[in-house]
Amino acid sequence: MLGRLYVIVPVTSSSYSPLSDWKAYFDSKSYNYLNPSIFIQPPASAPVGFYEFQVFVQPQSGLGNSAFSSFVLLCNPWCSEDSVFIPYEDQREEYVLSDYGLLFMGTPMNTVSRPWSYDLYESGVLEACLNLLQVSPQHQRNPNVDFLDRSDPGYIGRVVSAMINSEDDRGVVKGNWSDNFDQGVHPSLWTGSGDILRQWAQSGCSPVKYGQCWVFAGVMCTVMRVLGIPCRIVTNYNSAHDTNANLVIEEVYSETGQKLNLSRDSIWNFHVWVECWMTRRDLGSYMDGWQVLDPTPQERSQGVYCCGPAPVKAIRSKRTDIPYDVPFVYAEVNADVHTIIVSQGQVLSVNKDTERVGSLICTKAVGFPRLENITGNYKYESSSSALSPRSSSMTNVSVAPAALSISSRSSTLPDVSTISRGASSKGMFLSLSLDKSPVAGEPIRLTVKVTNRESLAKTVKVHFNAQAKEYNLSPSDTFWESHEVVQLGPMEGKVLRQQILPEQYEHAVGDKLINLAVVLEDMSSQERVLATEEFNVASPELSIQILDKNVVANKEHTAIVTFTNPFTHPVNGVLTVTGAGLLQEKIQFRIRELHPGKGVEERVKFTPKMVGRKMLHASLSLSTANIIIRGFKMVSVNSI
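All values reported here derive from a predicted model rather than from experimental measurement. (Residues numbered from 1 in each chain as written. Predicted model: local features only at pLDDT ≥ 70, side-chain atom pairs only at ≥ 80, totals over all residues. Heavy atoms only, no water.)

## Considering the domain arrangement of the chain
Thinking step 1. Domain boundaries assigned for the chain yield domain 1 (1-73), domain 2 (89-364), domain 3 (422-538) and domain 4 (543-637).
Thinking step 2. For domain 1 and domain 3, the distance between their C-alpha centroids amounts to 71 Å. (Domains from an automatic or database assignment.)

## Focus on the environment of V551
Thinking step 1. Turning to its location among the elements, V551 is positioned in strand β30 (residues 551-552).
Thinking step 2. Among the residues examined, V551 registers a relative accessible area of 4% and is labelled buried.
Thinking step 3. In this structure, the C-alpha to C-alpha distance between V551 and D152, residues 399 residues apart in sequence, is 41 Å.
Thinking step 4. Discounting chain neighbours no more than four positions away, the residues touching V551 are I546, H557, F606, P608, V635, S636, V637 and N638. (Helix = DSSP H or I, 4+ residues; strand = E, 2+ residues; numbered from the N terminus. Buried < 20%, exposed > 50% of the residue type's maximum accessible area, 1.4 Å probe, protein only. Contact = heavy atoms within 4.5 Å.)

## Remarks on the sheet that holds strand β33 (residues 587-594)
Thinking step 1. If you walk across this open sheet you meet the five strands as β30-β36-β35-β32-β33, and the pairing is mixed. Looking at strand neighbours, the two that pair on one side only are β30 and β33, the edges of this open sheet.
Thinking step 2. Across 11 bridges, strand β35 (residues 612-622) lies against strand β36 (residues 627-638) in antiparallel orientation. In the sheet register, S619 faces β36, and the bridge partner there is R630. (Pairing = 2+ DSSP bridges.)

## A few points about helix α11 (residues 502-509)
Thinking step 1. Listing the buried residues of α11 in full gives P502, Y505, E506 and V509. Down the axis, α11 shows its buried residues gathered within 110° of arc, on one side only. For α11, exposure combined with an orientation more than 90 degrees from the buried face picks out E503 and H507.
Thinking step 2. Each element contacted by the buried residues of α11 is listed here: β23 (444-452), β24 (458-469), β25 (478-488), β26 (493-500) and β27 (513-522).
Thinking step 3. G510 sits one or two positions beyond α11 and adopts a positive phi of about 60°. (Arc of directions from axis to C-beta.)

## Brief notes about unusual backbone geometry
Thinking step 1. The omega torsion across G308 and P309 is 5°, close enough to zero to call that bond cis.
Thinking step 2. Counting through the fold element by element, P309 comes out in the loop between β14 (289-293) and β15 (310-311).
Thinking step 3. In the segment running from P323 into Y324, the intervening peptide bond is cis, with an omega of 5°.
Thinking step 4. Mapped onto the elements, Y324 comes out in the loop between α8 (312-316) and α9 (326-334).
Thinking step 5. A positive phi angle, close to 70°, is found at C205, a residue other than glycine.

## Focus: the nonpolar core
Thinking step 1. Counting 61 residues, the largest nonpolar core has L132, V160, I196, W214 and V274 as its most contacted members.
Thinking step 2. With 11 residues, helix α7 (residues 213-226) is the single largest residue contributor to this core.
Thinking step 3. Setting aside its immediate chain neighbours within four residues, V274 contacts A217, M220, C221, C231, R232, I233, Q291, V292 and L293.
Thinking step 4. Formed by 59 residues, the second largest nonpolar core is a distinct cluster that contains M109, L430, L488 and I591. (Core = buried A, V, L, I, M, F, W, Y, C linked by side-chain atoms within 4.5 Å.)

## A closer look at α9
Thinking step 1. Burial within α9 is extensive, with seven of its nine residues counted as buried.
Thinking step 2. Taken residue by residue, α9 has V326, F328, V329, Y330, A331, E332 and V333 as its buried positions.

## As for a nonpolar patch on the surface
Thinking step 1. On the surface, a nonpolar cluster with roughly 390 Å² of combined accessible area is contributed by M1, Y6 and I8.
Thinking step 2. Tracing the backbone through its elements, the reader meets M1 in the segment before β1 (11-12). (Patch = residues over 30% accessible without salt bridge, like charges linked within 9 Å, V, L, I, M, F, W, Y side chains within 5 Å. Areas by Shrake-Rupley, 256 points an atom, 1.4 Å probe, with all protein chains shown as cover. Salt bridge = Lys/Arg side-chain N within 4 Å of Asp/Glu carboxyl O.)

## Focus on the UniProt feature "active site" (unreviewed entry) in the chain
Thinking step 1. Summarizing the sequence annotation, UniProt attributes the feature "active site" (unreviewed entry) to C213, H271 and D294 in the numbering used throughout. In summary, the annotated positions, though distributed over 82 residues, converge in three dimensions, the widest C-alpha pair being only 9.8 Å.
Thinking step 2. Assignment of secondary structure puts C213 in helix α7.
Thinking step 3. Look at C213 and you get buried, because its relative accessible area is 0%.
Thinking step 4. Excluding anything up to four places from it in sequence, C213 contacts W177, W268, F270, H271, V272, T296 and Y471.
Thinking step 5. As for its position among the elements, H271 is in strand β13 (residues 266-278).
Thinking step 6. When sequence neighbours within four positions are dropped, the list of residues in contact with H271 reads C213, V234, T235, N236, S239, D294, T296, Q298 and E332. (UniProt positions renumbered as here; feature names shortened; annotations may be inferred.)

## Quick notes on the state of the cysteines
Thinking step 1. Taken as a whole and assessed by the stated rule, the structure comprises zero disulfides.
Thinking step 2. Among the cysteines around C79, which has no disulfide bond, C75 carries the closest sulfur, lying 11 Å off.
Thinking step 3. C307 supplies the cysteine sulfur nearest to C306, a cysteine that is in no disulfide, at a spacing of 7.4 Å. (Disulfide = S-S within 2.5 Å.)

## Side note on the side chain of R92
Thinking step 1. Tracing the backbone shows R92 in helix α1 (residues 89-97).
Thinking step 2. For R92, a relative accessible area of 9% gives the class buried.

The structure is reproduced here in structure tokens:
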């Protein structure tokens, strides 16, 4: 019985039956007349859910007897007839059974791996996932239709995508992209899905505050894996949010390199969604495989804040006619970027970049704690994509001043065309590079090359501008700038070097990104060339050491967590250690007034309750620097 739906199944002595039918049978090889066992086998297309069942025994004479019980039915990726069948055991272990993972943040040139605990086997998680289906609008409208539709993993994915956010329903997580998280938890402080799902269930399905894209994706990955659907978290770097679907994102800069907030379109430095593996029987086998599902509430799909399932194969082949939401996801990985320099409301120049959006799409590798590049699944990569991510494929076009009208999009802007990589114009060439990936506590060193491409000498101004920004927002005010005048002889090139000191960026940036821009200005012709780079400053990592070489289930072990302050100022904060299957609850330590160069060491005792590969995760939230520092250690738990 599933709700009010039911099926009556005669118990037979044979397990043979077509896969499309429910069957119940005695095992004739191990039949015990005094204590018989009955095996119930559902068809591969049976709906997911919480079932009740009744066994009724009717003797040849007299009254019958019955017994009641229940079971939870999930999708079965081990069954070749199931819509979520995935043929490789290592992928089933990674995408279904694993209760930990990594998601990736930062920028393409300096990726940051962040641990996430899926908490699949923790108390209350399965019940919360099943309850999520029960309180969905689809179930509330018509329970019987909803139960029957749960035989389709695509339908389940679409329901879950909407239910993870709380915009239209009694969803799990409330999004917040402001700077004020006083009414809840800062999204960066969550370390896994279990606390979120349990809090939602225990509060009577009130949204948990707060989440951003990686939190939505992490919780959805948990729900889908719990329901038996293979799922993985995917990060799209330089993800476009194209509000008017013209596949063009406009970014506007001042003549001295300050980025301005004048466009409704945006590029998130990274955006996180999930992929689920399934057959698409509504489309045909050519669209089977990984499907994009995005629970972050960005745009409505058929009136609801959800996204997908969108076949990755359809995105790659630009089949925007295929359901669901392929055009939106296609724009996220393929839009062009028009970078505009303006002065007093006039457009001075326009750059077109065709490589920046979707420059890296990745997920956790199967069986290893490292990044796997899956960009080629989404798009046909050009030969230039093999270049360093800090380069850009841009064309600079100098134009006669034109009225700025961002609201009417690129139709009012001068024509642009694409040429080779680098920021250049008819008379000048400009390149910007960082000497190394920036690290907290060290200067950010950059190199700029300026070249006069004409046979006449030039006097040029070089404007440097740095702004802090969140991954999904326009930058804040300038926190560092520099300006200099350079003399260039005919066809001459010069190399300029600058550095931003830790005391200049630490308090302004925290855990944010940096938008760095350089404008090269010809003082005679007023021609301008712009080069930009957005990057993150890598935080130090916490070190975790396990004292015992052989970690055994149900035995106490000790881990040591170590941190050394790399910053130029003292720090305070809270150290939190978690580990699904290793710790019953999180452990916290208070860190007080740790001076530059000094270290702290904390011992953590843990008793594993499950055999297998687990993750011990530590995070240090610094109150004085608005930074969260993380570390993780893989732990193999043995039976003896």
